[in-house]
Amino acid sequence: MIKVSVIVPIYNAEKYLKECLDSIVNQTLKDIEIILINDGSTDGSAKICETYLSDNRVSYYYKENEGLAAARDDGMQNAKGEYIGFVDSDDWIEPDMYEKMYWAAKTNDSDIVFCNCVQNENDYYFTPELECGAYDRSRILDTVIPKSLAYISKDGGKRSIRWSNCLRIYKLSHLREHNIRFGRGFRRSQDLQLTYEATLVAQNYYYLGNDYLYHNRVVGDSLSRGYTNNMWPLYVPLIERLYKDTEEFKEIDLMKQMHLRAFFFVTDCIENEFKPLCTNSRERKIELINEIINHPICQRFKGHIETDKLNDLYKKYYELIFDGKAEDFIDFTDEYKKKLEAHTKKQSIKRKVLYFLTESAVIGRIYKLIRNR
């Protein structure tokens, strides 16, 4: 019996693909199938995939490029395992990832098992608001689902339970029973749609919070990572799908969380226009921001956000959205960036001075002696 079907969507991933696939074929859980979906790669990814076909657990499919959600959906339709999991082709996993997750799933008859991950080599991601262990339906309704879309952190920022498909295994029969599939046309945050819909119907859930089993490779910081051209139209279909899911769910009222998720997506799309790699003129930025803030989605969440709990930045975003002046966004953002850069520079100088005082051989000893006295 195939215990876990591991789906790997591949698009021009030759640089990291071998490390990824080696980490999967060498899993301590041997009863797995590995489904490689080549989503129209034009580099050497296909040749790398071919070298793994001698392993009878590996199957390979080539398709014209449709995007990540469609590739994952194709893999899901071909899966034969009891559970399914996903690994992105530039990431890698711990050798016992699927053994641990499958054990948790079978021990608790879980519809979803969720683990933690490491960004690159040593930046650990975690969800401290969610306790480790098993959740029955009542705890899922009380704790997991309300945090799956969005909530406001203690410091007034945006938070949610990480919705990455790659950090979960899902009971395949449960997904098929409820006709849960990927929206094939989604091109941004597509993980959220499947994870949210699967969690809405989950009867048992398990969180391996102390296990960091997945390695997510991220290059660059959040500001420098790619500018997305016309980002807002990519988000609109997803937001509309999530609103529909939320309206149809009757067990608890999740509309407050949905409004908040829509608000955070709007701010993400506006911030996209101020990334360093954005080359749009001021006039083009104004045009794109106007398109966002005048969309009916913004009117939908107006008056439904707990602005008193937001930090100053998000409070200002909310105010600017409903003032309806894109020019004000640009002026505010320019001023905010200058303050942020000045603060970052000041903190950097402080760190350098402290390092010099504590690590310099002679001065460090003197400093520590004075401090101890």
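Every value quoted in this text rests on a predicted model; they were computed, and no experiment measured them.

**Notes on helix α1 (residues 17–25)**
Here is step 1 of the chain: Turning to α1, its buried residues are L17, C20, L21, S23, I24 and V25.
Here is step 2 of the chain: Buried positions along α1 lie against β1 (4–10), β2 (32–39), α2 (45–50), β3 (58–63) and β5 (92–93).

**Examining the pattern of salt bridges**
Here is step 1 of the chain: As enumerated under the stated definition, the model contains 28 salt bridges in all.
Here is step 2 of the chain: Here D22 and K18 are joined by a salt bridge, their closest N and O atoms 2.8 Å apart. Of this pair, D22 and K18 are both found in helix α1, four residues apart, which corresponds to roughly one turn of the helix.
Here is step 3 of the chain: Owing to a relative accessible area of 24%, D22 belongs among the partly exposed residues under this scheme.
Here is step 4 of the chain: A salt bridge links E197 to R241; the nearest nitrogen and oxygen atoms lie 2.8 Å apart. Of this pair, E197 sits in helix α7 (residues 190–201) while R241 sits in helix α8 (residues 231–248), and the two are 44 residues apart along the sequence.
Here is step 5 of the chain: What you see here is one network of salt bridges that share partners, running through D39, K63, E66, D73, D74, R181 and R184.

**Considerations on the packing of α8 against helix α9 (residues 255–272)**
Here is step 1 of the chain: Following both chains from N to C, one finds α8 and α9 inclined at 175°, their axes separated by 10 Å at the closest point. Taken together, the axis directions place α8 and α9 in an arrangement best described as roughly antiparallel. When α8 is examined against α9, the residues M231, W232, Y235, L238, I239, L242, Y243, T246 and E247 are found in contact with a partner set consisting of M255, M258, H259, R261, A262, F265, V266, D268, C269 and N272.
Here is step 2 of the chain: Looking at side-chain class alone, the contact of α8 with α9 contains 13 nonpolar, three polar and three charged residues.

**Examining helix α12 (residues 312–323)**
Here is step 1 of the chain: If you check α12, its first and last C-alpha atoms are 16 Å apart, about what 12 residues at 1.5 Å a residue would give, namely 16 Å.
Here is step 2 of the chain: Buried within α12 we find L313, Y314, Y317, Y318, L320 and I321. Projection of α12 onto a plane perpendicular to its axis shows the buried side chains occupying an angular sector of 165°, all on one side.

Cut-offs used in this document
- Residues numbered from 1 in each chain as written.
- Predicted model: local features only at pLDDT ≥ 70, side-chain atom pairs only at ≥ 80, totals over all residues.
- Heavy atoms only, no water.
- Buried < 20%, exposed > 50% of the residue type's maximum accessible area, 1.4 Å probe, protein only.
- Helix = DSSP H or I, 4+ residues; strand = E, 2+ residues; numbered from the N terminus.
- Contact = heavy atoms within 4.5 Å.
- Salt bridge = Lys/Arg side-chain N within 4 Å of Asp/Glu carboxyl O.
- Axes fitted to C-alpha atoms, helices over the stretch in contact; angles between N-to-C directions.
- Parallel < 35°, antiparallel > 145°, perpendicular 65-115°, else oblique.
- Nonpolar A, V, L, I, M, F, W, Y, C, P; charged D, E, K, R; others polar.
- Expected span 1.5 Å × (residues − 1).
- Arc of directions from axis to C-beta.

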